[in-house]
Amino acid sequence: MNDWPEDGGYGRGNANSQPEGPRRMSHVQRPQVPQQPPRHDQGYNPNFTQAQGSGYDSGYSSGQVYGGPQGGGRGTVPPQYAPGTGSGGPGRPAPDWRKRVKVGSIVLVVGVLAWGIGTYAWASSQMRNEVDLAKVIERPSEGDCTTYLIVGSDSREGMSAEEKKKLHTGSAEGKRTDSMMILAACSSGNTMVSLPRDSWVTIPSFVGSESGKTYPARGGSKLNAAYAMDGPELLVRTVEFNTGLRIDHYAEIGFAGFANIVDALGGVELNIDKGFKDKNSGADFQAGKQTLNGEQALAFVRTRYAFAESDLARTKNQQKFLSALANQAATPGTILNPFALYPTLGAGLDTLIVDKDMSLYDLGKMFFAMKGISGGDGKSMNMPIAGSAPQGSLKWDMPKVKQLVEQIRNDEKVTVESNR
């Protein structure tokens, strides 16, 4: 059934010029649409009418055909993301790479500092600060340079019978000094002075480091006898008494520690001027540039019977090798590489005996001073010798010794030359 009239309806040929208003069908109820305020996000819309303001939707859209900000409705622009921003959605800004680089750099620096501090603390705990220089009596006044007494002992501590055989160390009990040298770190240049262990000196009166007893002086003794009598403290006392130079720090390493450090570094490159052999030390070297492992290095610095100058020639080889060792150890490739640094420190620190006031920083300064000598910043020499003394010992040239000591104490360039 159709409720619309047969005639006169709009569009049905009605004679009126204006269409009739719509007729309400009696059985149809239109829902009441609440009045909506204009959508300000659409901006100006020329098609907006009062009917639209009253909730009437003509269905017309000026090109805005997608959902609104929440993905629903009509007449709004879809969400647009700036190209290349990598944004995952509206309201999420593009990454600030400058800020990320800055934060990453800070994290890296903090990590490196933490690693450095941790390494320093660990290495410091491995050092054996056993020598008490406070027990040394009647000490000379301090000078302008920092002085180290560096000692290589023939200690076999911690070595197995197989290691002793391999390194040709023998099985002697106790400890003796196998090498001694003074290293003076000065602003005017570094100087390394070897002290032949057969030097003819006076062992002064001293107070026993363990017993506390006072012992009288002994004239006419070899320098290495002081170490055998009362260890490092008496050796320092004897060196200071005979030279007049104050020793600031003491460092000593035994056979095993020396060889282990060389092996941990992967060997030390050295240029040997003239080949030599020695069955006592196990040395067997050809002339030329070569890399020495721990066993070969120990043989090189211990050999004395293969040379006409005996102990004097040996001290020169010891200086040469220690400078090369320091030159290789004190490099960024070792210091900044954990895989090289930790094995090197672990191989040497637990066998290195130093004075109670010596820090890891002081030890580093000592190595860099030795490295400076190998690089031409300073000089290496033997203690000036005047001739022979009883028991095959060596007598110091005391006028030159005094001049050498004064130059070191006053931080002057060393001009004294050794006789041999």
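Because the structure is predicted, anything quoted here is derived from the model rather than measured.

> Can you walk me through helix α10 (residues 360–374) in this structure?
An α-helical turn contains 3.6 residues, so a residue and the one three or four places further along point in the same direction. The terminal C-alpha atoms of α10, which comprises 15 residues, lie 22 Å apart, in line with the 21 Å expected from a rise of 1.5 Å per residue. Among the residues making up α10, those that are buried are Leu360, Asp362, Leu363, Met366, Ala369, Met370, Gly372 and Ile373. Just beyond α10, the residue with positive phi is Gly376, at close to 95 degrees.

> Please explain the nonpolar core as it appears in this structure.
Soluble globular proteins tend to pack their nonpolar side chains together in the buried interior. By size, the foremost hydrophobic cluster in this structure holds 46 residues, and its most contacted members are Leu183, Phe258, Phe300, Phe321, Leu325, Met366 and Met370. Broken down by element, the residue count for this core peaks at seven residues, all from helix α7 (residues 311–329). Not counting chain neighbours up to four residues away, the residues in contact with Phe258 comprise Ile253, Ala297, Leu298, Val301, Phe321, Leu322 and Leu325. Listed in part, the 38 residues of the second largest apolar core include Ile182, Tyr227, Leu234 and Leu235.

> What exactly am I supposed to notice about the pattern of salt bridges here?
Oppositely charged side chains may form a pair once their charged atoms are brought near each other. Applying the stated criterion to the full structure yields ten salt bridges. As a salt-bridge pair, Arg128 and Glu130 come within 2.8 Å of each other at their nearest N and O atoms. Under the relative-accessibility criterion, Arg128 is labelled buried at 18%. In this structure, the salt-bridge partner of Asp311 is Arg314, at a minimum N-O distance of 2.9 Å. One end of the pair is Asp311 and the other is Arg314, both in helix α7 and three residues apart, which spans about a single turn. Residues joined by salt bridges that share partners form a network here, namely Asp198, Lys222 and Arg304.

> Explain the state of the cysteines here, please?
Counted under the stated rule, the structure contains one disulfide. The disulfide that involves Cys145 links it to Cys186, with 2.1 Å between the sulfurs. Its S-S torsion of approximately 120 degrees makes the covalent link between Cys145 and Cys186 right-handed. Residue Cys145 is located in the loop between β1 (128–131) and β2 (146–153), and its partner Cys186 is located in the loop between β3 (177–185) and β4 (190–194); the two are separated by 41 residues in the primary sequence.

> Looking at this structure, how should I read the confidence of the model for the protein chain?
Residues with a pLDDT of 70 or more make up 71% of the protein chain, whose mean pLDDT is 78. Contacts of residues 48–56 to residues separated by more than four positions or lying in other chains number eleven contacts, the stretch itself having pLDDT below 50.

> How should the side chain of Thr238 be read in this particular structure?
Locating Thr238 in the fold gives a position in helix α4 (residues 223–243). Residue classification places Thr238 among the buried positions, given a relative accessible area of 0%.

> Before we go on, may I ask you to explain the side chain of Arg237 in this structure?
Tracing the backbone through its elements, the reader meets Arg237 in helix α4. Relative accessible area serves as the criterion here: at 4%, Arg237 is assigned to the buried category. If near-sequence neighbours (up to four positions away) are discounted, Arg237 is found in contact with Val136, Ile137, Glu138, Pro204 and Ser205.

> Honestly, the sheet that holds β4 in this entry has me stumped. Any pointers?
Pairing between the strands of a sheet comes from backbone hydrogen bonds, and it takes one of two forms, parallel or antiparallel. Ordered in space as β1-β14-β9-β2-β3-β4-β15, the seven strands form an open sheet in which the pairing is mixed. Since the sheet does not close on itself, it has two edges, and those belong to β1 and β15 (378–382), each with one partner. Across the sheet, the mean angle separating the axes of adjacent strands is 25 degrees when strand polarity is ignored. Of the strand pairs in this sheet, β3 and β4 are connected by four bridges, and their pairing is antiparallel. Paired with Leu183 across the two strands is Met192, which belongs to β4.

Cut-offs used in this document
Residues numbered from 1 in each chain as written. Predicted model: local features only at pLDDT ≥ 70, side-chain atom pairs only at ≥ 80, totals over all residues. Heavy atoms only, no water. Helix = DSSP H or I, 4+ residues; strand = E, 2+ residues; numbered from the N terminus. Expected span 1.5 Å × (residues − 1). Buried < 20%, exposed > 50% of the residue type's maximum accessible area, 1.4 Å probe, protein only. Core = buried A, V, L, I, M, F, W, Y, C linked by side-chain atoms within 4.5 Å. Contact = heavy atoms within 4.5 Å. Salt bridge = Lys/Arg side-chain N within 4 Å of Asp/Glu carboxyl O. Disulfide = S-S within 2.5 Å. pLDDT = per-residue confidence, 0-100. Pairing = 2+ DSSP bridges. Axes fitted to C-alpha atoms, helices over the stretch in contact; angles between N-to-C directions.

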